[in-house]
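Coordinates in review
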Amino acid sequence: MTSPILTDGASCPDASSGLPVVLTTRDGIRFDVRCAPGEDVLSAAARAGYVLPSMCQKGSCGACYATVEGAHELGEHSPQALPEKDRAAGASLLCCTYPTEPLQVSLPFDGNRVIHGSVPERRAQVLAVDAVSPDGLTVRVRLALEPDEVSGAAVEFESGQFVEVSLPGQELRRAYSLANVANWDGEAELLVRLQPGGWFSGILAGWLSDGFEDAQVVVRGPMGAFGLHENGVRPRWFVAGGTGLAPLASMVRRMSEWGDPQPVRIYLGVNAQPELPDLDLLPELAEAFDTLPDAALVPCVWHPDGAWDGMVGTPADALEKDLAELAAASGGGPVDWPDLYVCGPPALVDAASRTAVDAGVPADQVHSERCLPS
Amino acid sequence: MFCFQCEQTDRSLPLLGCQVDHGTCGKDETTADLQDLLVHVLKGVCQYGTRARALGAGDDAAADFVLYAVFTTLTNVNFTATRFVQLVTEAAKVRDRVRAGYEAAAAAAGVEAEQLDGPAAFVPERTTDAMLLQAAEVGVRAGVETVGEDVVGLRALVLYGLKGVCAYAHHAAVLGQTDPVVFAAVESAMDFLASDPTDVPALLERSLELGRVNLRVMELLDAGNTGTFGTPEPTAVATVPRPGKAILVSGHDLRDLAAILEQTKDLGIDVYTHGELLPAHGYPLLKAYPHLAGNYGGAWQDQQTDFARFPGAIVMTSNCIIEPQPAYRSRIFTTGPVGWPGVRHIGPVAGSSAPVGQHSEPTDFRLAIKAAQALPGFTEADAAAQGPTLTVGFGRGAVLGAADTVVQAVKDGAIKHFFLVGGCDGAAPGRNYYTDFTTATPSDTVVMTLGCAKFRFNDHDFGTVPGVDGLPRLLDVGQCNDSYSAIQVAVALAGAFGCEVNDLPLSLVLSWFEQKAAAVLLTLLALGIRDIKLGPTLPAFLTPALVGVLVEQFGIAPVGDPAADLAECLA
């Protein structure tokens, strides 16, 4: 997930020139920006002082997905991030949307997810690097952020948001969702699946094997629009694929800390048992499960070996079965459909979202974020 | 949803009231409807409660729950839909307990228990969507096609006055001041509303009865405040912060403020008041804490700006919260009846046996303190800013302590008129009336104020009354919660001059926003006080016919042109 991250304020075209673009958030907040020739909407917004949720900024992740009215060109992008049928319905990815006439953009998040000014950066000390799955490839990283003038020692973010991590003095960055909860201890926690040949994976593997004494990183963020929707008492079901668990774990831990009463269910999917994170090694999440009034964990293994007696299949398979049971239990009456939060590889996100909508869950109750290996 | 309980209700449609998606306050449709449903179930609690009490089997704990639960439905108190689902369910359980108590008391007394219907027999559904369908049948406009707008308006006047009574009674109760007479009156009023009353004179009389009850409630609250924290005394309050870690406390709850002061003692954290907690600085036992450092910001409607700038933790203890902005959403905490979705709510100390939201144990503020310690706090540069010093503490103790001076000043002609200009502040542009009115008052007049309306003019230098040694022209009586104090000052002045309050050279110019103000207004009317000027707009729930009654019987007039109104007062 390397990306040419925006450099705020750099190479600023004349602010009064370019095509007008009106960005309107889900809660009606309006931002007016101008897009210079050859400039994408995301960059134009950042140049105007509005940092919109985004991640890869190269059309791969779908984090800057929005609905666009008006003629524009769309740059290279992944069909997983922007399926053709969505494109046909007016959706676009703002990081590769180049206006050819004035645009109206409907942003699928509230105004409070827009960062005004520049994205904050803080230096962080590595506190711990621990493997949390039997295969040793899913790693929990705990960071201690240094205090700064704006936040002091506090680490403030909405559960579901992500940060970008780099090494001091280096350009390369990787985006990871925060797995803990906003806190005043200065801590940030990440869940990382080590990828063969991955840049940060390699660094983490080194820290795991050789130690991380005095290791430091730079944390940029928080960013992102994924998060809990405070809209009543409907059950909250979380569908995670691999380390897509991280933002969902943050949400569940927050629900526990805040004393939220909604029933919770987490579907956690992996390819094989050795990839399954051990909850004993994620004690805060385990404690959240213990304190929530009605919480269940449904591990799903796609290709189990003979020893597995849990759910066989993907989380989307488990979801399909449980939603059908929920509909049947209503006896033909109104179904109390859960709010769904889905995070994982694009294929899983698409499958789970499609399963939910096909079962009858209103589309506006399905919230998702795609994560790509990095 | 339909809601017209506050001053900022939507007046853009032919039917005045918030009725689409969100209220002006930010309350969403689900929360608004669930609040209606909660009020309905609480009526059921009181249907049994009033009958049980008549048999000598009053359930004070249930009545106390009613006070708290009703308080959550006031404007700008609790916006958390999940909390209301819990409260509806809890209220039904309380009602069933009270019913059992009533039936047992009836059996013991050898009388047949009444079989009640309406809210008493209401069974809330289990899911939110089903509850919302039920709520559609019990809103404040239910039955309007049959009974007409005037009856709906009067029922609203009773309900909203009652909400104010409950809120003040809850404030008193957290300080240990309760009275079975108040519990009985609240239960009786809710039982009255449960009967879907249509008799206009009876509705009007019930409104005034609530005003009388509220006087007793305000007396209890006054006793709670002064009995716990001492009699307020004139005190200068800094508005420029000190360098260092900081907590800002807003709302009205002196007990929560005291707990925060005690729990932050010797931790190097300064505590600042905001909005209606400004008068806390006048209480001897609160100002004795050296880290009660000053007041920060203005009235409640300024909080989004004030809180975003505040570099520490923020605690909202009662009304009036508005949508926390991202800049401070992670560092604001609610307590007591207050709530906002996604904002941390902190409750009683661990191990407390107190029901959620009620008050037998002090609140544990460790989380807010931890936040304050982590956040940057004020810098030396912040402390170098300029700001006015505000003077508070002119409650009845201080004013009546100087009664001889004041009475003599009136007799000597040094003071020609008193104004009581107070109530709620708000965002409406017309509220600058109160600035224009007070700053134009002549130097031989005294302006008493209470409530957050004072923030419209309390940074103005009114000076002292010429010829009267050191008597300020602006006397801050306290919070809206201190209305009893202002009434006692008026009554004492009338006594000193051997006249009625209405005969004093005193004009009441009031500003209303929400239901506490409705209760205070009913108290003033019940006391027979006439010719009150009320603004910035009249309540939307009062129909033209009802306004006509208030004008005819009490001489209430809407505020108009400040200069003309001032001239009329002085004529």
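The rules behind each value
Residues numbered from 1 in each chain as written. Chains lettered and ligands numbered in written order. Predicted model: local features only at pLDDT ≥ 70, side-chain atom pairs only at ≥ 80, totals over all residues. Heavy atoms only, no water. Domains from an automatic or database assignment. Contact = heavy atoms within 4.5 Å. Buried area = accessible area lost by both parts, 1.4 Å probe. Salt bridge = Lys/Arg side-chain N within 4 Å of Asp/Glu carboxyl O. Polar contact = N/O pair within 3.5 Å; in protein donor to acceptor, adjacent residues only side chain to side chain. 1 Å grid on protein atoms, 1.4 Å probe; cavity = no way out; pocket = protein on both sides within 12 Å on 5 of 7 lines; lining within 4 Å. Points joined across faces, edges and corners; volume = space filled by probe spheres on them. Helix = DSSP H or I, 4+ residues; strand = E, 2+ residues; numbered from the N terminus. Nonpolar A, V, L, I, M, F, W, Y, C, P; charged D, E, K, R; others polar. Pairing = 2+ DSSP bridges. Buried < 20%, exposed > 50% of the residue type's maximum accessible area, 1.4 Å probe, protein only. Axes fitted to C-alpha atoms, helices over the stretch in contact; angles between N-to-C directions. Parallel < 35°, antiparallel > 145°, perpendicular 65-115°, else oblique. Left-handed = near helix turned anticlockwise from the far one by under 90°. Phe/Tyr/Trp six-rings, centres within 6.5 Å; stacked < 30°, edge-to-face > 60°. Lys NZ or Arg CZ within 6 Å of the ring centre and 35° of its normal.

A short note on the domain arrangement of chain A
All names here are of chain A. Looking at chain A, the domain boundaries give domain 1 (19-115), domain 2 (119-223) and domain 3 (236-370). For domain 1 and domain 3, the distance between their C-alpha centres works out to 29 Å. In this assembly, 5 residues from domain 1 lie in contact with 4 residues from domain 3. Interface of domain 1 and domain 3: buried area, both sides summed, is about 420 Å²; carbon and sulfur atoms make up 47% of it. On the surface where domain 1 and domain 3 come into contact, there are 0 salt bridges. At the boundary of domain 1 and domain 3, one finds 0 residue pairs in polar contact (both at pLDDT 80 or more).

Let's talk about empty space enclosed by the protein
All names here are of chain B. For the coordinates displayed, the defined rule picks out 14 cavities of 30 Å³ or more. In this structure, the largest cavity spans a volume of roughly 330 Å³. Residue lining of the largest cavity: 31 residues in total, with L510, A517, V520, L521 and L524 positioned closest to the centre. For the lining of the largest cavity, the leading source of residues is helix 18 (residues 515-526), giving 7 residues. Looking at the lining of the largest cavity residue by residue, the classes come out as 27 nonpolar, 4 polar and no charged.

Thoughts on the sheet that holds strand 14 (residues 557-558) of chain B
All names here are of chain B. The 6 strands are arranged 11-10-9-12-13-14 in an open sheet whose pairing can be described as parallel. Here the strands that pair on one side only, and so sit at the sheet edges, are strand 11 (474-478) and strand 14. Bridge count for strand 12 (residues 506-511) against strand 13 (residues 533-535) is 3 bridges, and the pairing is parallel. Note that in strand 13 the partner of V509 across the bridge is K533.

Topic: the pairing of strand 11 of chain B
Looking down a regular strand, the side chains alternate between one sheet face and the other. Residue and element names in this part refer to chain B. The element strand 11 is largely enclosed, with a buried count of 5 among its 5 residues. As paired elements, strand 10 (residues 445-450) and strand 11 share 4 bridges and run parallel to each other. Among the inter-strand pairings, T449 is bridged to a residue of strand 11, identified as D476.

Points about the packing of helix 1 (residues 29-54) of chain B against helix 7 (residues 180-194) of chain B
Residue and element names in this part refer to chain B. It is at 7 Å that the axes of helix 1 and helix 7 come closest, and there the two elements cross at 120 degrees. Accordingly, the angle class assigned to the pair helix 1 and helix 7 is oblique. As helix 1 runs across helix 7, the sense of the crossing is left-handed. Where helix 1 abuts helix 7, its residues V39, L42, K43, C46, Q47, G49, T50, R51 and R53 lie against P180, F183, A184, V186, E187, S188, M190, D191, L193 and A194. Residues that form the contact of helix 1 with helix 7 fall into these classes: 10 nonpolar, 4 polar and 5 charged.

Section: the sheet that holds strand 10 (residues 121-131) of chain A
Adjacent strands of a sheet form backbone hydrogen bonds with each other and so pair up, either parallel or antiparallel. All names here are of chain A. Strands sit in the order 13-12-15-10-11-14 across an open sheet of 6 strands; the sheet is antiparallel. Edge strands, defined here as strands with exactly one partner in the open sheet, are strand 13 (174-177) and strand 14 (187-193). Strand-to-strand, the axes of this sheet are offset by a mean angle of 40 degrees, without reference to chain direction. Looking at chain direction, strand 12 (residues 162-166) and strand 15 (residues 216-223) are connected through 4 bridges and run antiparallel. Of the residues in strand 15, the one forming a bridge with E164 is R220.

Quick word on the pairing of strand 4 (residues 65-69) of chain A
All names here are of chain A. Only one face of strand 4 is covered, namely the face carrying A66 and V68; the face carrying Y65, T67 and E69 is uncovered. As defined by bridge partners, strand 4 adjoins strand 6 (residues 91-93) across 3 bridges and the pair is classed as antiparallel. Across the sheet, Y65 pairs through a bridge with L93, a residue of strand 6. Taken together, the 3 bridges between strand 4 and strand 8 (residues 103-106) define a ladder with antiparallel strand orientation. Within the sheet, the bridge partner assigned to T67 lies in strand 8 and is S106.

With respect to the environment of A:Y50
Along the chain, A:Y50 falls in strand 3 (residues 50-51). Taking the C-alpha atoms as reference points, A:Y50 and A:F31, 19 residues apart in sequence, are found 8.0 Å from one another.

Quick notes on the packing of helix 4 (residues 245-258) of chain A against helix 5 (residues 283-291) of chain A
Residues and elements named next belong to chain A. Viewed as axis vectors pointing N to C, helix 4 and helix 5 meet at an angle of 45 degrees, and their least axial separation amounts to 9 Å. By the angle class used here, helix 4 and helix 5 are oblique. Between helix 4 and helix 5 the crossing geometry is left-handed. Residues L245, A249, V252, R253 and S256 of helix 4 form the contact with helix 5, whose participating residues are E284, L285, A288 and T291. Looking at side-chain class alone, the contact of helix 4 with helix 5 contains 5 nonpolar, 2 polar and 2 charged residues.

Things to note about the packing of aromatic side chains
All told, the structure shown has 26 aromatic pairs over all chains when counted by the stated rule. Residues A:Y176 and A:F200 carry aromatic rings whose centres are separated by 5.7 Å and whose planes lie at 40 degrees to one another, so their mutual orientation is tilted. Here the residue A:Y176 occupies a position in strand 13, and A:F200 occupies one in helix 3 (residues 199-210), the gap between them amounting to 24 residues. For the pair shown, A:Y176 and A:F200 are each scored as buried. Ring pairs connect the aromatic residues B:F2, B:F4, B:Y160, B:W512 and B:F541, which therefore count as one cluster. The ring of A:W258 has A:R254 sitting right over it, with the charged end atom 4.6 Å from the ring centre.

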